[in-house]
Amino acid sequence: DSMTKLKEEERELQESLAKLKKTLAEKQAELLESQKSLKETIAVKEAAEAYLLKIKPGCDFITENYDKREKHRAAESKALEKATELLKGTPAYQAAESQAELESLGSCRDICEKAGRSHAKCKA
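Quick notes on the rules
- Residues numbered from 1 in each chain as written.
- Predicted model: local features only at pLDDT ≥ 70, side-chain atom pairs only at ≥ 80, totals over all residues.
- Heavy atoms only, no water.
- Helix = DSSP H or I, 4+ residues; strand = E, 2+ residues; numbered from the N terminus.
- Expected span 1.5 Å × (residues − 1).
- Bend = angle between axes of the 7 residues up to and from the residue.
- Buried < 20%, exposed > 50% of the residue type's maximum accessible area, 1.4 Å probe, protein only.

Things to note about helix α1 (residues 2-64)
Now for step 1: With 63 residues, α1 extends 87 Å between its outermost C-alpha atoms, agreeing within 8% with the 93 Å of an ideal straight helix rising 1.5 Å per residue.
Now for step 2: Largest kink in α1: about 45°, centred on Lys56, with the proline Pro57 one to four residues after it.

Topic: the environment of Glu81
Now for step 1: Take Glu81: it is sitting in helix α2 (residues 66-88).
Now for step 2: Under the relative-accessibility criterion, Glu81 is labelled exposed at 55%.
Now for step 3: Remark: the alpha-carbon pair of Glu81 and Leu24, spanning 57 residues in sequence, is separated by 77 Å.

So, the environment of Asn65
Now for step 1: Along the chain, Asn65 falls in the loop between α1 and α2.
Now for step 2: Residues Asn65 and Tyr93 lie 28 residues apart in sequence; the distance between their C-alpha atoms is 38 Å.

Right under this line is the structure:
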């Protein structure tokens, strides 16, 4: 009986050992896959960090000169508004505007030129 019991115990231990070896092999494969994934992730991270270092001077320039650039934009906008105002005051612009307005009257043009724009015929 004790020999049978020992044989049964040995068989159970062999089965347990086989399961543990299988589990160990699976876990080692998972570990290798995780290490490979970690290397890839580190490479991506390092590439991103290198890119950020490469573009940092441009970003620093923008942040350091933001106020100056904002003032220049404001001055440029003011200058453009002044240029628009000056152009609108020229005889050539006014003549072009007048001509465009007359052309927009379409078939009423002759009536409006003769009787005035407030005339009832033009408002009909």
